[in-house]
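The chain contents come next:
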Amino acid sequence: MTITMYGITTCDTIRKARVWLESHDVAYRFHDYRAEGIEAARLNGWVGKVGWEKLLNKGSTTFRELPEADRQGLDEKKAKALMLARPTMIKRPVLEVGDSILVGFKPDVYEGAVGGK
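How each quantity is defined
- Residues numbered from 1 in each chain as written.
- Predicted model: local features only at pLDDT ≥ 70, side-chain atom pairs only at ≥ 80, totals over all residues.
- Heavy atoms only, no water.
- Helix = DSSP H or I, 4+ residues; strand = E, 2+ residues; numbered from the N terminus.
- Buried < 20%, exposed > 50% of the residue type's maximum accessible area, 1.4 Å probe, protein only.
- Pairing = 2+ DSSP bridges.
- Axes fitted to C-alpha atoms, helices over the stretch in contact; angles between N-to-C directions.
- Contact = heavy atoms within 4.5 Å.

Here's the deal with the environment of A40
Moving on, step 1. As for its position among the elements, A40 is in helix α3 (residues 40–50).
Moving on, step 2. The class for A40 is partly exposed, based on a relative accessible area of 37%.
Moving on, step 3. When the C-alpha positions of A40 and A81 are compared, they lie 8.9 Å apart, and in sequence the two are 41 residues distant.

Section: the sheet that holds strand β3 (residues 94–97)
Moving on, step 1. Read from one edge to the other, the open sheet built from 4 strands follows the order β2-β1-β3-β4, with strand pairing classed as mixed. Taken across any chain shown, the strands that pair with only one partner, and hence form the sheet edges, are β2 (29–32) and β4 (100–103). Neighbouring strand axes in the sheet, compared pairwise and without regard to direction, differ in orientation by 20° on average.
Moving on, step 2. Where strand β1 (residues 3–7) meets β2, 4 bridges bridge the pair, whose relative direction is parallel. Each bridged residue has a counterpart across the sheet, and for G7 the counterpart in β2 is D32.
Moving on, step 3. Seen against the sheet, α3 touches β1, β3 and β4 and runs at an angle of roughly 80° to β4.

Regarding the side chain of S60
Moving on, step 1. Among the secondary structure elements, S60 is positioned in the loop between α4 (52–55) and α5 (61–64).
Moving on, step 2. The exposure class assigned to S60 is buried, which follows from its relative accessible area of 6%.
Moving on, step 3. Setting aside its immediate chain neighbours within four residues, S60 contacts T88 and M89.

Here is the structure:
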């Protein structure tokens, strides 16, 4: 099973999730949004699985710094355009486990999805 974690290296939640995966001997690949961005097709797939509302982090500094006009009238199209332009607005981490994805970090959810030692 291929596992990929998406996020940014400076995020505290990413650090916690990485420590959890490593302490449970779960192999994964890390994809840094700042260095690698995010593909539209991948984001569209995530939105299809969990919805844009779950992926868009309205509490992020990046989102809060947007002009008011950009934050108003959000719909799927506008939210996807914002996340593609500034992937740091995507909630972290996003963990791809095979064909499914997990958004955010909760140890019990990770345990059920990837197990570990």
